[in-house]
Amino acid sequence: MTETEAKAFLQGLRSTARQIAEKERVLQLMRTRLTLSSGKDNAPRVKASPDPGLERIMCVVLDLEAEKKALEEEFSRDRELTLRCLSRIQKGQYCAVLFFRYICAESWNTVCLKLHLSRPWVMRLHRQAVAIFAYELDRCLKRYIEDT
């Protein structure tokens, strides 16, 4: 696997996390549009509403929840693979840079603050870490293919 492919894989983690967060934000907004009440059995029920779009909103909410669940499963799988690869990297600073940036989805400034390093130094570490991560990711993927 090339360094560019490995970096794209890592950036995909951040992208997927952002998509999950955005879907959750939209879901929360749409859920507030729905008026829920509790019945005698305390199960949530939708109140009768003159709003003809209520059923449509409920369908969109269900679709978004399914999309969010699929993204969460993808994120979980890719996160697990990333953590497995990071565990194989010997140098702690390499792991830390990649962990904070891609698993925790931190900004570069936050990564610098957490590691107590300057931005140029963190960027240098990042380039080196991605190169090693690419090698480990390639090994992990080959092992996965052999096992399946």
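Refer to the preceding data block for the structure.
Now for a description of the structure that goes with this document.

1. Here we look at the packing of aromatic side chains
- What the rule picks out here adds up to two aromatic pairs.
- Here the aromatic rings of Phe9 and Phe133 are separated by 6.4 Å at their centres, their planes lie at 25°, and the arrangement is stacked. Here Phe133 lies in helix H5 (residues 119–147) and Phe9 lies in helix H1 (residues 3–33), a separation of 124 residues in the sequence.
- Among the residues examined, Phe133 registers a relative accessible area of 0% and is labelled buried.
- Aromatic pair Phe99 and Phe100: ring centres 5.8 Å apart, planes at 70°, arrangement edge-to-face.
- In this structure Phe100 comes out as buried when scored by relative accessible area, which is 19%.

2. Section: the packing of helix H2 (residues 54–87) against helix H3 (residues 92–103)
- Close contact between H2 and H3 brings their axes to 11 Å; oriented N to C, the two are set at 170°. If you check the angle between H2 and H3, you find them roughly antiparallel. Of H3, the residues touching H2 (which contributes Arg79, Thr82, Leu83 and Leu86) are Cys95, Leu98, Phe99 and Ile103.

3. Quick look at the side chain of Thr16
- Considering the arrangement of structural elements, one finds Thr16 in helix H1.
- For Thr16, a relative accessible area of 6% corresponds to the buried category.

4. What about the environment of Ile89?
- Topologically, Ile89 is positioned in the loop between H2 and H3.
- Linking Ile89 and Phe133, residues 44 residues apart in sequence, is a C-alpha distance of 7.4 Å.
- Leave out the neighbours within four places in its chain, and Ile89 touches Tyr94, Cys95, Leu98, Ile132, Phe133 and Glu136.

5. A few points about the pattern of salt bridges
- Within the structure shown, the criterion is met by twelve salt bridges.
- Of the charged contacts, one joins Arg139 and Glu136 as a salt bridge, the two residues approaching to 3.5 Å between their closest N and O atoms. Remark: Glu136 and Arg139 occur in helix H5; sequence separation between them is three residues, near one turn of the helix.
- Here Arg139 falls in the partly exposed class, since its relative accessible area comes to 30%.
- Look at Glu136 and you get buried, because its relative accessible area is 6%.
- A salt bridge links Asp138 to Lys142, with the shortest nitrogen-to-oxygen separation between them at 3.3 Å. A residue pair is termed a helical-turn pair when its members lie 3 or 4 positions apart in one helix, as Asp138 and Lys142 do in helix H5 at four residues.

Reading guide: rules and limits
- Residues numbered from 1 in each chain as written.
- Predicted model: local features only at pLDDT ≥ 70, side-chain atom pairs only at ≥ 80, totals over all residues.
- Heavy atoms only, no water.
- Phe/Tyr/Trp six-rings, centres within 6.5 Å; stacked < 30°, edge-to-face > 60°.
- Helix = DSSP H or I, 4+ residues; strand = E, 2+ residues; numbered from the N terminus.
- Buried < 20%, exposed > 50% of the residue type's maximum accessible area, 1.4 Å probe, protein only.
- Axes fitted to C-alpha atoms, helices over the stretch in contact; angles between N-to-C directions.
- Parallel < 35°, antiparallel > 145°, perpendicular 65-115°, else oblique.
- Contact = heavy atoms within 4.5 Å.
- Salt bridge = Lys/Arg side-chain N within 4 Å of Asp/Glu carboxyl O.

The analysis is restricted to geometry; functional conclusions fall outside its scope.
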